[in-house]
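Residue-level structure breakdown
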Amino acid sequence: MNIKNQTRFASMMGSISLVLLLAACASPAIKEAGEMGRVGRYEEGLDRLKQALADDPDNRELRVATFKLQDEAVSALSHQAMLARSAGKPDEVAQLLKRMEAVAPQHPRTASLRLEVERTKRLEHMMSDAQQAFDNKAYEPAEATLRALVAEDGSNRRAKELLARIDDLRAQQTRRQSTVTLGASQKPITLEFHEAPIKNVFEALARAANINFVFDKDVRGDAKVTLFLKNTTVDEAMRVILGTQQMGYKLLNDNTVMVFPATQQKQRDLLDTVTRTFYLTNADTKQAQALIRTVAKTRDVFADDRLNMIVVRDTPEVVRMIERLIQGLDIPDPEVMLDLEVIEVSSKALDQIGISWPDTVNYGVPDATSPVTLSAPVSSYMHAYITNPLAIATLKSTRGATNILANPKIRARNREKAKVLLGEKLPVFTTTSTANVGVSASVSYLDVGLKLEVEPQVQLDNDVTVKLALEVSSVTDKVIGPQGSLAYQIGTREATTTLRLKDGETQILAGLINDNESRSSAGVPGLHELPIAGHLFGTTTDSKDKTEVVLLVTPHIVRNVVQPASAVSLMPSGTETQPGSVSMSLRDEATASGASSGVAVQGGARANGVSAPSKPTAPQSINEVRVTGPEEVMPGSAFQVMVRNPKAQALSVNVMIDTNHVEVVGQNMQSASSVSVSVPPQGMVPVMLRAKTGAAGLETNIHLDVPSEALIVKIRNPADPDQASDAGAMNTDGEKDKEEAEPGAQPR
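Residues numbered from 1 in each chain as written. Predicted model: local features only at pLDDT ≥ 70, side-chain atom pairs only at ≥ 80, totals over all residues. Heavy atoms only, no water.

1. Description of the overall build of the protein
- Scanning the protein from terminus to terminus reveals 16 helices and 30 strands.
- The buried share of the protein, taken over its 748 residues, is 35%.
- Counted over contacts in the protein with a minimum sequence separation of 6, partners at least 24 positions apart contribute 67%.
- When the accessible surface of the protein is split by element, carbon and sulfur atoms take 52% of a total near 43,700 Å². (Helix = DSSP H or I, 4+ residues; strand = E, 2+ residues; numbered from the N terminus. Buried < 20%, exposed > 50% of the residue type's maximum accessible area, 1.4 Å probe, protein only. Contact = heavy atoms within 4.5 Å. Areas by Shrake-Rupley, 256 points an atom, 1.4 Å probe, with all protein chains shown as cover.)

2. With respect to the sheet that holds strand β24 (residues 638-645)
- The four strands are arranged β22-β24-β28-β26 in an open sheet whose pairing can be described as antiparallel. Edge positions in the open sheet fall to β22 (626-628) and β26 (662-664), since each of these has one partner strand only. The average undirected angle you get between the axes of adjacent strands in this sheet is 35 degrees.
- Of the pairings in the sheet, the one linking β26 to strand β28 (residues 683-691) comprises three bridges and is antiparallel in character. If you follow E663 over to β28, its bridge partner there is R690. (Pairing = 2+ DSSP bridges. Axes fitted to C-alpha atoms, helices over the stretch in contact; angles between N-to-C directions.)

3. Side note on the layout of surface pockets
- Empty space within the second largest pocket amounts to approximately 680 Å³.
- Lining the second largest pocket are 22 residues, and of these R85, G88, T120, E124 and D153 sit closest to its centre.
- Elements with a contribution of two residues or more to the lining of the second largest pocket: α4 (60-86), α5 (90-103), α6 (108-135) and α8 (157-178).
- With nine residues, α6 is the single largest residue contributor to the lining of the second largest pocket. (1 Å grid on protein atoms, 1.4 Å probe; cavity = no way out; pocket = protein on both sides within 12 Å on 5 of 7 lines; lining within 4 Å. Points joined across faces, edges and corners; volume = space filled by probe spheres on them.)

4. Some points on the packing of α4 against α6
- Packing of α4 against α6 leaves a shortest axis separation of 10 Å and a crossing angle of 20 degrees. Judged by the inter-axis angle, α4 sits roughly parallel to α6. Note on packing geometry: the crossing formed by α4 with α6 is left-handed. Of α6, the residues touching α4 (which contributes V74, S75, S78, A81 and R85) are R109, T110, L113 and E116. (Parallel < 35°, antiparallel > 145°, perpendicular 65-115°, else oblique. Left-handed = near helix turned anticlockwise from the far one by under 90°.)

5. Let's talk about the pairing of strand β30 (residues 711-715)
- Counting buried residues in β30 gives four out of five residues, a clear majority hidden from the surface.
- Direction of pairing for strand β29 (residues 699-704) relative to β30: antiparallel, over a ladder of four bridges. Across the sheet, the residue bridging to E699 is K714, located in β30.
- Between the end of β29 and the start of β30, which pair antiparallel, lie six residues.

6. Here's the deal with the nonpolar core
- Judged by nonpolar contacts, the single largest core of 31 residues is most densely connected at L191, F202, L205, F213, M238 and V257.
- With eight residues, the top contributor of residues to this core is helix α9 (residues 198-209).
- Leave out the neighbours within four places in its chain, and V257 touches L182, I211, N212, F213, V214, M238, Y249, K250 and L251. (Core = buried A, V, L, I, M, F, W, Y, C linked by side-chain atoms within 4.5 Å.)

7. Thoughts on the packing of aromatic side chains
- On inspection of all chains with the given rule, the structure shows three aromatic pairs.
- Plain terms: the ring middles of F202 and F215 are 5.6 Å apart, the flat faces sit at 75 degrees to each other, and that makes the pair edge-to-face. Note that F202 is positioned in helix α9 and F215 in strand β2 (residues 212-215), a separation of 13 residues in sequence.
- The class of F202 is buried, set by a relative accessible area of 2%. (Phe/Tyr/Trp six-rings, centres within 6.5 Å; stacked < 30°, edge-to-face > 60°.)

8. Points about the pairing of strand β27 (residues 674-679)
- Residues of β27 alternate between two faces, with V675, V677 and V679 buried on one and S674, S676 and S678 left unburied on the opposite face.
- Where strand β25 (residues 651-656) lies against β27, six bridges are found, and the strand directions are antiparallel. Bridging from a neighbouring strand, M656 pairs with S674 of β27.

In structure tokens:
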């Protein structure tokens, strides 16, 4: 052991001896307080140290032990308080705070916990006030208190749940307000007025139908009204009166109506609006925004490309129309699996036959490699000679065949290009000379081989239109450019076409043939051209090279367009100036009556009367299996009908058609009179049909082999000019109208 290590060892032993000496000389109070702190009795330990410190105020060890025990007590108690607060035990937290205040009232952790306890009590009081306001149905004060609470304590689960309940109640209230209807809207009534003031007409209508009317200050009460309505409903009569007088209305409840001038400013001031957020799955936000602004005339539209989201603010009627527009736009794109098979067949044939003779005769000194000096006699060393051997007989025949096969399968979306390259990329160097700089070289790559581009488009009748571009290229020669740059001579064969194929149909594209034939002959002039004997005086070479590319294309539809119900029916959309408003068209007498008794009003005075009795039409139950589709189609056009199954069990049914009028679209299905489909629970399945050209002007019946309402489809007659004008007013799908009509709809 050297002197340095001996010194270190002596110092360490001295420190240990000092610690042992201090422990031996330590006060018994310190030892007792330490034992109490280890078992959590911090208060008793501190009291013991304070008593000892009072007896010996100058004892530094007692003072240090007191501070140390205070820190240990505060750390342990604050940790327990944090666990109790996380477990939701406020009483336990309060008790721990009292202990910390008794141990170290001025400690920063004690002050922090004191503020936290006061904050918790205040938030708990706010939560209690919000819950009480919610129970008393004072939702607005409750919401204000809860939002302030959540802003201060974002992890308060109770406050967030109560806020969610308030939002749900507000959404329900908004839905009720947007679909409120007059209680007497279907009550039959007869009105007969001639040049009567409009307020008198509404007064008579109010008395007859027990409806309250509130008039805006700008409504002209002296406007004259002349109308004669028989056996119509209160709702229809009110819409006709308001529509002819350029007035709008707003339902305040089920028997109170506010009437106001139908100006844009009044509509913006009085009509309620709702906000709806649409998260698009397939459609583009810019297209959806353009659709909403063009069709629904909505100005308050916001599009977020990041979330693929659209936010719309408008009246409930317009928002319902936008929902159907988005439903028809946001559908998945069709997809096609293209089964491609490319075959390149090449064959080579080479025939060489004949005898090759020397084509030169030399006269001189054989095998001389240096200049020769002529001397007599010349014949002694100058001779005529030819190359050895004298003749070469050639009998050669070469045959070769090559088949190159590629079978790629590509899945492509509708109207999007897919590319296939089978080959290699050849580098092409390009040099550039710049003054005072030098020469720089760059490289680019050239695609050589088989390149195929396809762009499918899926049709509704399960046909696939394919735009196809095929290019077959190969290197035929290399070209050396300036400064050693290299280029290639490329031979190319291209074909571009557009095909329309059925699902699973295979089309063969052939004829890309490259056929080269050559014949050459070399030998003794004149003699090698002799028939048959010419082979003795020369060599004949015959070469044949032939290459053909064949392409087979087979499309398989993975997913086609599934048209929503709104795409095959006419959707009421209001007027040009008021999109979404309810039509003023009156229903027929049977539908309008709705009851056997009614009220007749003449000249503004109420009189007892009876409307024409009729039986209301029973709507089809929405829980029944049904088939829906378009009301009118053009002859020769394909259309889609939907088989709907609202039940909780899967269903297998047959769609029955009249083969004299329509036919099924599909392979070997044109003569079928029925189509078997399996419909999943609460789902729908499309069936593609085509109207026959000889059935123009007729109606056809499409129904299921189970009890259900039949679908009547009219095949339009292109030669009838009245068909185009009447098509917009016809709607034979009564069940669809009743499903899609919104009760209590208002004009904008």
